[in-house]
Amino acid sequence: MKTTNVLKMSCLALGLLSLAACSSMGGNGANNLSTTALGSQYGVQPMGVGNNILLAAPHNQSYYYDFNMSVLKPQYVASVQAQANYMVAHPSATLLVAGNTDARGSHEYNMALGERRALSVVNLLKQSGVKSSQIRYISYGDMRPIALGNTETAYAQNRRVDLTYQSK
Amino acid sequence: MKKTLISFIGLILFSFNVANAELHLELNKGLRASIPIAIVPFANQQNNLSDPLNIASVVSNDLQNSGHFKVMPVSDMQQQPTQLSTVNFNYWQQSGYDYMVIGQVTPQGNGTDKVNFSLLNSVVGNNNAANQNNAVVLSDSFTVPQSQLRTAAHKISDIIYKNLTGIRGVFSTRIAYVLINRPNNKLPTYYLEVADADGYNPRALVQSNAPLMSPSWSPNGQEIAYVSLANQKASIYIVNVISGQQRLVSDFEGINGAPAWSPDGQQLAIVLSKTGQPKIYLYNLASGTLKQLTSGYSIDTEPDFSPDGQSIVFTSDRGGNPQIYQLNLATNQITRMTFDGDYNARPSYTYNGQNIVVLHRDSEGYNIAIQNVASGGLNVLTANGYDSTPSVAPNGQMIIYANNATVNGSLGLVSADGQVQLTFPVPAGSNLQVLEPAWSPFLG
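Residues numbered from 1 in each chain as written. Chains lettered and ligands numbered in written order. Predicted model: local features only at pLDDT ≥ 70, side-chain atom pairs only at ≥ 80, totals over all residues.

For the rest of this paragraph, the subject is the overall build of chain B. Scanning chain B from terminus to terminus reveals four helices and 30 strands. Scaling as 2.2 N^0.38, a compact globule of 444 residues should have a C-alpha radius of gyration of about 22 Å, and chain B matches this with 23 Å. In terms of principal-axis extent, the alpha carbons of chain B reach across some 75 × 50 × 45 Å. Relative to its full complement of 444 residues, chain B shows a buried share of 53%. Nonlocal contacts in chain B, meaning residues at least 24 apart in sequence, comprise 48% of its contacts between residues at least 6 apart. (Helix = DSSP H or I, 4+ residues; strand = E, 2+ residues; numbered from the N terminus. Rg over C-alpha atoms; globule rule 2.2 N^0.38 Å. Buried ≥ 20, exposed ≤ 12 C-beta atoms within 10 Å, placed from the backbone. Contact = placed C-beta atoms within 7 Å.)

When helices and strands are tallied, chain A shows four helices and four strands. Sequence-ordered secondary structure for chain A, helices as α and strands as β, is α-β-α-β-α-β-α-β. Buried positions account for 40% of the 168 residues belonging to chain A. By sequence separation, contacts in chain A at least 24 residues apart represent 72% of the contacts at least 6 residues apart.

Residues and elements named next belong to chain B. A residue-level look at chain B finds 92% of positions with pLDDT of 70 or above and a mean pLDDT of 91. Low pLDDT, under 50, characterises residues 1-19; the predicted model gives this stretch 39 contacts beyond four residues in sequence or across chains. Across the interfaces of the predicted complex, the ipTM metric reaches 0.90, alongside a pTM of 0.89. (pLDDT = per-residue confidence, 0-100.)

Let us look at the packing of helix α2 (residues 77-89) of chain A against helix α3 (residues 107-127) of chain A. Residue and element names in this part refer to chain A. With their axes 9 Å apart at the nearest point, α2 and α3 run at an angle of 50 degrees to one another. By the angle between their axes, α2 is oblique relative to α3. In this structure, α2 meets α3 at a crossing whose hand is right-handed. Every residue of α3 that contacts α2 at V77, V80, Q83, A84 and M87 is listed here: V121, L124 and L125. In terms of residue class, the contact of α2 with α3 is built from seven nonpolar, one polar and no charged. (Axes fitted to C-alpha atoms, helices over the stretch in contact; angles between N-to-C directions. Parallel < 35°, antiparallel > 145°, perpendicular 65-115°, else oblique. Left-handed = near helix turned anticlockwise from the far one by under 90°. Nonpolar A, V, L, I, M, F, W, Y, C, P; charged D, E, K, R; others polar.)

If you look at the biggest cluster of nonpolar residues, it comprises 110 residues, and the most contacted ones within it are V97 of chain A together with V178 of chain B. Counting residues per element, this core draws most heavily on α3 of chain A, at nine residues. Sequence-distant contacts of V97 of chain A, that is, excluding residues within four places in its chain, are made with A118, V121, V122, I135, Y137, V161 and L163 of chain A. Judged by nonpolar contacts, the second largest core, of 35 residues, contains A38, V59, V105 and V144 of chain B. (Core = buried A, V, L, I, M, F, W, Y, C linked by C-beta atoms within 7 Å.)

This part is about helix α1 (residues 55-66) of chain B. Residue and element names in this part refer to chain B. Taking 1.5 Å as the rise per residue, α1 with 12 residues should run 16 Å; its terminal C-alpha atoms sit 17 Å apart, in good agreement. Within α1, 12 of the 12 residues are buried, which leaves it mostly tucked inside the rest of the structure. Here α1 has its buried residues at I55, A56, S57, V58, V59, S60, N61, D62, L63, Q64, N65 and S66. Directly beyond the C-terminal end of α1, a positive phi value near 80 degrees is found at G67. (Expected span 1.5 Å × (residues − 1).)

Take the pairing of strand β5 (residues 112-121) of chain B next. Side chains on a regular strand alternate between the two faces of the sheet. All names here are of chain B. The element β5 is extensively covered by neighbouring structure, given that seven of its 10 residues are classed as buried. Across 10 bridges, strand β4 (residues 99-109) lies against β5 in antiparallel orientation. In the strand pairing of β5, Q104 is matched with N116. (Pairing = 2+ DSSP bridges.)

Right, dumping it as structure tokens:
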């Protein structure tokens, strides 16, 4: 039920931001936000590609999680251990481990969920002998999606931990 | 009664050299019994109805959007008096508008305008043709810079609203929110925006190439605490809304999040995970001391102080899924508050402390709900399915929230009884996304 009474609807572009879609305001047209290019902007592997390089080390990795879960899936354990072996052998190497969630729910709760996911990787790295000083971790919660929109596909790509070498 | 109000609250916001899309309110649903009122175009302004500085237009929108008023369309006005002596009260009463507002805008030179207005009762006026002064409910005047006519209009709306509903208006308050610009093939830029409560006059207070989150207004409305994820770590900052100056509050390892001000403005409740679990701490802004309030193996986050400062509500998964708990600060006793559904988060008190507003998930998705603290009864207010971050207006009448149903998102307003709903749409097809709104306290 939407008896929209448009009280004020103008499109003001007051400077550099170009609101190219002014003429289509109020329509349901497709948006320009890419659902595929964001991952490469962050240096993150799109889902699927990672399966071929899981055991490569040193190699940036992305590990995916089930809804509301923060347990590292068994298929990723060998990959984390491969990175750990490299890190132990190369004490000057450093890693950033970043946890992410899908868009649903509360932002700050998702920050906590994203951190639990990051720690599921960090803790396995540490158990495998990597020094704490070699690892930094952060949760981005739902604030840094690589896929936009409310689709199961997008959600699945965003429930993710990114392991990124800062120095090798 | 006449007075001159030389200056309104003039917040000087640091404006980065970027444009900001203004988000304008659309009324989607307004079912309340409402007060009929006609806002007649002011003298010297009749020909400028679409001008954002048109006082009658701004006041009409303010009152209509509150859900408490039925505002006469200006196109229906066969008469447009601007002086009491020329008002034909019979016409206005016959048209069904028990109340009307007339006024004049008079240039004073040196870039200022004098704004006079009167709220009239057309029923009284029609019954007292001999003495029309009896119809005057109130009159007031302000002298303002011409660029601030909109501010004067909101002030008029506040005065009328208070007189006719008995409730303090929020038309002169502000909202903060996060705006994300995602240009194609470039990294996003995040802005912490502050705008008038009706979406006008947005300014970017903070700009970052990393996510900004969780804006929280200080009780005096002069500062905003927020979370930055810049430099691959989480930090809490406080930015002064007037000067734009920033100070770092907290950047421990792990989460530094969910800042919430104590009612006296002297402490922040924050969330830190430096011990391994996200826990709620009290940070004393003057001394810098930290006091851990919660413990254990659970996620504890999203604190909000009760208006009396005696307790804190927060989200915790200590029972297996996220629910709302109340911490008594005197006794440290923790009590579960929500039992309806398996996901309740992001609690905030209404300003009278009688209700909490939460993000609630059920079979309809993630929606905004309000729960009576005493009875525990929970009422789901929205049905969008993708809502988050509810924030209550300082008069408790409206709740602003983010609706993430589309990629661009939008901000929504819903009245605390669910009867009135409005949206601030983001231009569809743009690269912008809006989220995380926070309503300011009363200003000035």
